[in-house]
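Chains, contacts and geometry: an overview
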Amino acid sequence: MLRIDVVTIFPGLFEAFLRESIVGIAGTSGALEVGVHDLRRFTKDRHRTVDDAPYGGGPGMVMKPEPLVEAIEALAGPKGSERRARVLLLTPQGTRFDQSRAAGLASGGNLVLVCGRYEGVDQRVIDLAVDEEVSIGDYVLSGGEVPAMVVIEATARLLPGVLGNPDSAGSESFEGGLLEGPQYTRPAVYRGLPVPEVLLSGNHAAVAKWRAERAREITKRRRPDLLRAAGEEGTTR
Ligand code: JD8
(Lines give C-alpha, C1' and ligand atoms only; values in the text may rest on other atoms or scores of the structure.)
Protein backbone atom coordinates (compact mmCIF):
# COMPACT_ATOMS: atom_id res chain seq x y z
CA MET A 1 0.00 0.00 0.00
CA LEU A 2 1.35 3.40 -1.09
CA ARG A 3 0.32 6.46 0.92
CA ILE A 4 0.50 9.97 -0.56
CA ASP A 5 -0.15 13.03 1.61
CA VAL A 6 -0.73 16.40 -0.05
CA VAL A 7 -0.18 19.81 1.58
CA THR A 8 -2.15 22.64 -0.05
CA ILE A 9 -4.09 25.83 0.65
CA PHE A 10 -6.75 24.53 -1.80
CA PRO A 11 -7.79 21.07 -0.52
CA GLY A 12 -11.12 21.40 -2.35
CA LEU A 13 -9.31 21.16 -5.71
CA PHE A 14 -8.54 17.50 -4.96
CA GLU A 15 -12.07 16.37 -4.06
CA ALA A 16 -13.46 15.47 -7.50
CA PHE A 17 -10.05 14.28 -8.67
CA LEU A 18 -9.76 11.77 -5.83
CA ARG A 19 -13.40 10.71 -6.03
CA GLU A 20 -13.41 10.01 -9.77
CA SER A 21 -10.65 8.64 -12.02
CA ILE A 22 -8.03 5.98 -11.68
CA VAL A 23 -7.01 7.33 -8.30
CA GLY A 24 -10.42 6.48 -6.84
CA ILE A 25 -10.06 2.98 -8.28
CA ALA A 26 -6.59 2.70 -6.77
CA GLY A 27 -8.02 3.68 -3.40
CA THR A 28 -10.91 1.21 -3.68
CA SER A 29 -8.52 -1.59 -4.62
CA GLY A 30 -6.43 -0.87 -1.51
CA ALA A 31 -3.31 -0.05 -3.52
CA LEU A 32 -3.25 3.66 -2.66
CA GLU A 33 -4.29 5.97 0.14
CA VAL A 34 -4.27 9.74 -0.39
CA GLY A 35 -4.60 12.30 2.39
CA VAL A 36 -5.16 16.00 1.66
CA HIS A 37 -4.14 18.53 4.30
CA ASP A 38 -5.14 22.19 4.47
CA LEU A 39 -1.96 24.15 5.12
CA ARG A 40 -3.94 26.71 7.14
CA ARG A 41 -4.52 24.09 9.85
CA PHE A 42 -0.79 24.37 10.59
CA THR A 43 -0.90 28.13 11.19
CA LYS A 44 -1.07 29.58 14.68
CA ASP A 45 -2.15 33.17 14.12
CA ARG A 46 -5.74 34.41 14.15
CA HIS A 47 -5.75 35.10 10.43
CA ARG A 48 -4.22 31.73 9.47
CA THR A 49 -1.52 33.49 7.45
CA VAL A 50 0.43 31.40 4.94
CA ASP A 51 2.19 34.13 2.92
CA ASP A 52 4.19 37.32 3.35
CA ALA A 53 5.99 39.94 1.26
CA PRO A 54 9.33 38.97 -0.30
CA TYR A 55 12.52 40.20 1.38
CA GLY A 56 14.40 42.39 -1.07
CA GLY A 57 11.15 43.60 -2.59
CA GLY A 58 9.41 42.63 -5.79
CA PRO A 59 5.93 41.58 -6.88
CA GLY A 60 3.62 39.12 -5.17
CA MET A 61 3.92 37.12 -1.99
CA VAL A 62 6.05 34.22 -0.76
CA MET A 63 4.80 31.26 1.29
CA LYS A 64 6.13 31.69 4.80
CA PRO A 65 8.20 28.86 6.26
CA GLU A 66 6.58 28.01 9.61
CA PRO A 67 3.25 26.44 8.47
CA LEU A 68 4.91 24.50 5.64
CA VAL A 69 7.75 23.08 7.75
CA GLU A 70 5.33 22.18 10.57
CA ALA A 71 2.98 20.44 8.12
CA ILE A 72 5.77 18.53 6.38
CA GLU A 73 7.34 17.40 9.66
CA ALA A 74 3.94 16.31 11.02
CA LEU A 75 3.40 14.12 7.94
CA ALA A 76 6.93 12.91 7.11
CA GLY A 77 8.96 13.43 10.27
CA PRO A 78 12.22 15.40 10.34
CA LYS A 79 14.50 15.47 7.27
CA GLY A 80 17.09 12.70 7.32
CA SER A 81 17.11 9.06 8.42
CA GLU A 82 13.96 9.44 10.55
CA ARG A 83 11.84 10.27 7.48
CA ARG A 84 8.62 8.25 7.10
CA ALA A 85 7.97 9.60 3.59
CA ARG A 86 9.85 11.23 0.71
CA VAL A 87 8.95 14.92 0.47
CA LEU A 88 8.50 16.34 -3.05
CA LEU A 89 7.96 20.04 -3.78
CA LEU A 90 6.20 20.81 -7.07
CA THR A 91 8.01 23.79 -8.59
CA PRO A 92 9.11 25.10 -12.01
CA GLN A 93 12.69 24.85 -10.68
CA GLY A 94 12.39 21.07 -10.19
CA THR A 95 13.82 18.28 -12.30
CA ARG A 96 11.41 17.02 -14.94
CA PHE A 97 8.80 14.45 -13.96
CA ASP A 98 8.48 11.69 -16.56
CA GLN A 99 7.29 8.09 -16.88
CA SER A 100 10.45 6.64 -15.35
CA ARG A 101 10.07 8.95 -12.34
CA ALA A 102 6.47 7.78 -11.98
CA ALA A 103 7.61 4.15 -12.05
CA GLY A 104 10.21 4.92 -9.38
CA LEU A 105 7.59 6.52 -7.14
CA ALA A 106 5.14 3.63 -7.67
CA SER A 107 7.74 1.14 -6.47
CA GLY A 108 9.06 3.32 -3.65
CA GLY A 109 7.96 4.46 -0.21
CA ASN A 110 5.28 6.87 0.99
CA LEU A 111 5.19 10.44 -0.37
CA VAL A 112 4.37 13.93 0.79
CA LEU A 113 3.58 16.33 -2.08
CA VAL A 114 3.93 20.00 -1.20
CA CYS A 115 1.94 22.46 -3.31
CA GLY A 116 3.12 26.06 -3.43
CA ARG A 117 1.14 29.08 -4.61
CA TYR A 118 1.88 32.80 -5.07
CA GLU A 119 5.51 33.38 -6.10
CA GLY A 120 6.67 30.13 -4.45
CA VAL A 121 7.99 29.04 -1.06
CA ASP A 122 10.66 30.47 1.26
CA GLN A 123 14.00 28.77 0.41
CA ARG A 124 14.37 27.58 4.01
CA VAL A 125 11.40 25.22 3.55
CA ILE A 126 13.41 23.52 0.80
CA ASP A 127 16.63 23.54 2.82
CA LEU A 128 15.03 22.21 6.02
CA ALA A 129 12.23 19.91 4.92
CA VAL A 130 12.10 19.06 1.18
CA ASP A 131 13.89 16.02 -0.26
CA GLU A 132 13.36 16.71 -3.95
CA GLU A 133 12.02 19.44 -6.27
CA VAL A 134 9.95 18.25 -9.23
CA SER A 135 8.48 20.05 -12.27
CA ILE A 136 5.89 18.61 -14.65
CA GLY A 137 7.05 20.67 -17.64
CA ASP A 138 8.06 23.97 -19.15
CA TYR A 139 4.91 26.08 -18.92
CA VAL A 140 3.76 28.47 -16.22
CA LEU A 141 1.02 27.34 -13.85
CA SER A 142 -0.39 29.20 -10.84
CA GLY A 143 0.50 26.63 -8.20
CA GLY A 144 1.58 23.09 -7.42
CA GLU A 145 -1.89 21.52 -7.15
CA VAL A 146 -2.33 20.47 -10.78
CA PRO A 147 1.28 19.20 -10.89
CA ALA A 148 0.57 17.16 -7.72
CA MET A 149 -2.48 15.59 -9.41
CA VAL A 150 -0.32 14.72 -12.42
CA VAL A 151 2.22 13.00 -10.17
CA ILE A 152 -0.53 11.15 -8.25
CA GLU A 153 -2.31 9.93 -11.37
CA ALA A 154 0.84 8.87 -13.26
CA THR A 155 2.02 6.98 -10.15
CA ALA A 156 -1.34 5.45 -9.13
CA ARG A 157 -1.96 3.77 -12.47
CA LEU A 158 1.35 1.91 -12.17
CA LEU A 159 0.51 0.38 -8.79
CA PRO A 160 0.03 -3.39 -8.92
CA GLY A 161 -3.64 -4.35 -9.02
CA VAL A 162 -4.96 -0.87 -9.82
CA LEU A 163 -6.20 -1.48 -13.35
CA GLY A 164 -8.78 -4.10 -14.20
CA ASN A 165 -6.49 -5.36 -16.93
CA PRO A 166 -3.11 -6.08 -15.32
CA ASP A 167 -1.05 -5.59 -18.49
CA SER A 168 -2.88 -2.64 -20.01
CA ALA A 169 -0.72 -0.03 -18.28
CA GLY A 170 2.47 -1.59 -19.64
CA SER A 171 1.34 -1.61 -23.27
CA GLU A 172 0.50 2.09 -23.55
CA SER A 173 2.42 5.07 -24.91
CA PHE A 174 5.80 5.83 -23.33
CA GLU A 175 5.85 2.60 -21.40
CA GLY A 176 6.82 1.12 -24.76
CA GLY A 177 8.89 4.24 -25.44
CA LEU A 178 6.84 5.27 -28.51
CA LEU A 179 3.66 7.17 -29.29
CA GLU A 180 0.62 5.14 -30.23
CA GLY A 181 -0.86 5.11 -33.71
CA PRO A 182 -4.51 5.77 -34.59
CA GLN A 183 -7.38 3.89 -32.94
CA TYR A 184 -10.84 3.08 -34.28
CA THR A 185 -14.15 1.76 -33.00
CA ARG A 186 -17.57 1.22 -34.62
CA PRO A 187 -19.07 2.14 -37.03
CA ALA A 188 -16.85 0.61 -39.75
CA VAL A 189 -17.60 3.61 -42.00
CA TYR A 190 -18.29 7.04 -40.53
CA ARG A 191 -19.17 9.99 -42.79
CA GLY A 192 -17.54 8.14 -45.65
CA LEU A 193 -14.32 7.43 -43.73
CA PRO A 194 -13.61 3.69 -43.47
CA VAL A 195 -11.66 1.95 -40.72
CA PRO A 196 -8.37 0.57 -42.15
CA GLU A 197 -9.14 -2.84 -43.63
CA VAL A 198 -6.43 -4.72 -41.73
CA LEU A 199 -8.19 -3.95 -38.41
CA LEU A 200 -11.30 -5.80 -39.64
CA SER A 201 -9.32 -8.74 -41.03
CA GLY A 202 -9.10 -10.84 -37.88
CA ASN A 203 -5.42 -11.41 -38.71
CA HIS A 204 -3.81 -10.65 -35.32
CA ALA A 205 -0.23 -10.76 -36.61
CA ALA A 206 -1.09 -8.36 -39.44
CA VAL A 207 -2.86 -6.04 -36.96
CA ALA A 208 0.18 -6.04 -34.65
CA LYS A 209 2.52 -5.31 -37.56
CA TRP A 210 0.30 -2.47 -38.85
CA ARG A 211 0.06 -0.92 -35.37
CA ALA A 212 3.83 -1.12 -34.87
CA GLU A 213 4.40 0.57 -38.24
CA ARG A 214 1.92 3.37 -37.47
CA ALA A 215 3.47 3.87 -34.01
CA ARG A 216 6.94 4.13 -35.48
CA GLU A 217 5.76 6.50 -38.21
CA ILE A 218 3.98 8.98 -35.94
CA THR A 219 6.80 8.86 -33.39
CA LYS A 220 9.40 9.55 -36.08
CA ARG A 221 7.38 12.50 -37.39
CA ARG A 222 6.34 14.11 -34.09
CA ARG A 223 8.78 12.91 -31.44
CA PRO A 224 12.04 11.77 -33.03
CA ASP A 225 13.66 12.24 -29.60
CA LEU A 226 11.52 9.34 -28.28
CA LEU A 227 12.47 7.14 -31.23
CA ARG A 228 16.17 7.66 -30.57
CA ALA A 229 15.70 7.02 -26.85
CA ALA A 230 13.81 3.78 -27.52
CA GLY A 231 16.38 2.53 -30.05
CA GLU A 232 15.03 -0.33 -32.12
CA GLU A 233 13.69 -2.35 -29.16
CA GLY A 234 10.28 -3.82 -29.68
CA THR A 235 9.62 -1.83 -32.83
CA THR A 236 9.20 -2.67 -36.50
CA ARG A 237 11.10 -0.93 -39.28
C1 JD8 B 1 4.28 25.55 -8.10
C2 JD8 B 1 3.55 29.03 -7.45
C3 JD8 B 1 3.29 30.04 -9.68
C4 JD8 B 1 3.98 31.65 -11.29
C5 JD8 B 1 6.39 32.08 -9.83
C6 JD8 B 1 6.46 29.84 -9.16
C7 JD8 B 1 5.29 22.66 -11.38
N8 JD8 B 1 5.56 22.76 -14.35
C9 JD8 B 1 5.11 23.79 -13.57
N10 JD8 B 1 4.76 24.99 -14.02
N11 JD8 B 1 4.41 25.77 -13.01
C12 JD8 B 1 4.53 25.08 -11.85
C13 JD8 B 1 4.29 25.68 -10.53
C14 JD8 B 1 3.98 27.05 -10.46
C15 JD8 B 1 3.84 27.64 -9.20
C16 JD8 B 1 4.00 26.90 -8.03
C17 JD8 B 1 4.43 24.94 -9.35
C18 JD8 B 1 3.83 27.80 -6.94
N19 JD8 B 1 3.59 28.94 -8.82
C20 JD8 B 1 4.51 30.61 -10.41
C21 JD8 B 1 4.93 32.75 -11.68
C22 JD8 B 1 6.31 32.65 -11.17
N23 JD8 B 1 5.57 30.95 -9.50
C24 JD8 B 1 4.99 23.80 -12.19
N25 JD8 B 1 5.53 21.75 -10.73
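What you see is a predicted model, and the numbers here were worked out from it, not measured in a lab. (Residues numbered from 1 in each chain as written. Predicted model: local features only at pLDDT ≥ 70, side-chain atom pairs only at ≥ 80, totals over all residues. Heavy atoms only, no water.)

**Details of the overall build of the protein chain**
Across its full length, the protein chain carries 8 helices and 9 strands. Along the first, second and third principal axes, the C-alpha set of the protein chain runs to 70 × 40 × 40 Å. For the protein chain, the proportion of its 237 residues judged to be buried stands at 41%. Sequence separation of at least 24 residues holds for 75% of the intrachain contacts in the protein chain that already meet a minimum separation of 6. If you sum the accessible surface of the protein chain, you get close to 14000 Å²; carbon and sulfur atoms cover 52% of it. For the protein chain, the separation between the mean place of its 29 positive charges and that of its 32 negative charges on side chains is 5 Å. (Helix = DSSP H or I, 4+ residues; strand = E, 2+ residues; numbered from the N terminus. Buried < 20%, exposed > 50% of the residue type's maximum accessible area, 1.4 Å probe, protein only. Contact = heavy atoms within 4.5 Å. Areas by Shrake-Rupley, 256 points an atom, 1.4 Å probe, with all protein chains shown as cover. Lys, Arg positive; Asp, Glu negative; His and termini not counted. Charge placed at Lys NZ, Arg CZ, Asp CG, Glu CD.)

**A few points about a nonpolar patch on the surface**
Together, Tyr139, Leu141, Val146 and Val150 make up a nonpolar patch on the protein surface, roughly 350 Å² of accessible area in all. Note that Val146 resides in helix H6 (residues 145-156). (Patch = residues over 30% accessible without salt bridge, like charges linked within 9 Å, V, L, I, M, F, W, Y side chains within 5 Å. Salt bridge = Lys/Arg side-chain N within 4 Å of Asp/Glu carboxyl O.)

**Regarding the pairing of strand S5 (residues 86-96)**
As paired strands, S5 and strand S6 (residues 111-115) are joined by 5 bridges and run parallel to one another. Bridged to Leu89 within S6 is Val114. Sheet topology places S5 next to strand S7 (residues 132-135); 5 bridges connect them, and they run parallel. Bridge pairing in S7 links Leu88 to Glu132. (Pairing = 2+ DSSP bridges.)

**Notes on the site of the ligand**
As a structural note, the neighbourhood of the ligand is formed by 18 residues, with Thr91, Tyr118, Gly137, Tyr139 and Leu141 the closest of them. One nitrogen or oxygen atom from the side chain of Ser135 is found 3.3 Å from a nitrogen atom belonging to the ligand. Within the backbone of Tyr139, one N or O atom sits 2.7 Å away from a nitrogen atom of the ligand. For the ligand, the protein covers 85% of the area, taking 520 Å² as the surface of the free molecule. Among the secondary structure elements, those contributing two or more residues to the shell around the ligand are S5 and S7. In terms of residue count, the dominant contributor to the shell around the ligand is S5 (3 residues). (Near = heavy atom within 4 Å. Polar contact = N/O pair within 3.5 Å; in protein donor to acceptor, adjacent residues only side chain to side chain.)

**So, unusual backbone geometry**
Omega for the bond connecting Arg186 with Pro187 falls within 30 degrees of zero, at 10°, which places this linkage in the cis form. Position of Pro187 among the secondary structure elements: in the loop between H6 and strand S8 (189-190). At Ser21, a position not held by glycine, the phi torsion is positive, near 70°. Within the fold, Ser21 resides in helix H2 (residues 21-28). Its relative accessible area of 34% is what places Ser21 among the partly exposed residues. Unlike most non-glycine residues, Arg191 shows phi in positive territory, near 50°.

**A look at helix H3 (residues 65-76)**
Here H3 is 12 residues long and its end C-alpha atoms lie 16 Å apart, about the 16 Å a rise of 1.5 Å per residue gives. Buried residues of H3: Pro65, Pro67, Leu68, Val69, Ala71, Ile72, Leu75 and Ala76, and no others. Packing partners of the buried residues in H3 comprise strand S1 (2-8), strand S2 (32-38), strand S4 (62-63), S5, S6 and helix H5 (123-129). One or two steps after H3, the chain reaches Gly77, where phi turns positive at roughly 80°. (Expected span 1.5 Å × (residues − 1).)

**Some details on the confidence of the model for the protein chain**
Mean pLDDT over the protein chain: 93, with 93% of residues reaching 70 or higher. Predicted confidence is poor over residues 233-237, with pLDDT under 50, and the contacts of this stretch with residues over four places away or in other chains come to 6 contacts. (pLDDT = per-residue confidence, 0-100.)

**Quick look at the pattern of salt bridges**
Taken as a whole, this structure holds 15 salt bridges when the rule is applied. Of the charged contacts in the structure, one is a salt bridge between Arg101 and Glu132, with a shortest N-O distance of 2.2 Å. Placement of the pair is Arg101 in helix H4 (residues 99-106) and Glu132 in strand S7, with a sequence separation of 31 residues. As a salt-bridge pair, Arg214 and Glu217 come within 3.2 Å of each other at their nearest N and O atoms. Of this pair, Arg214 and Glu217 both sit in helix H7 (residues 204-222), 3 residues apart, roughly one helical turn. We classify Glu217 as partly exposed; its relative accessible area is 44%.

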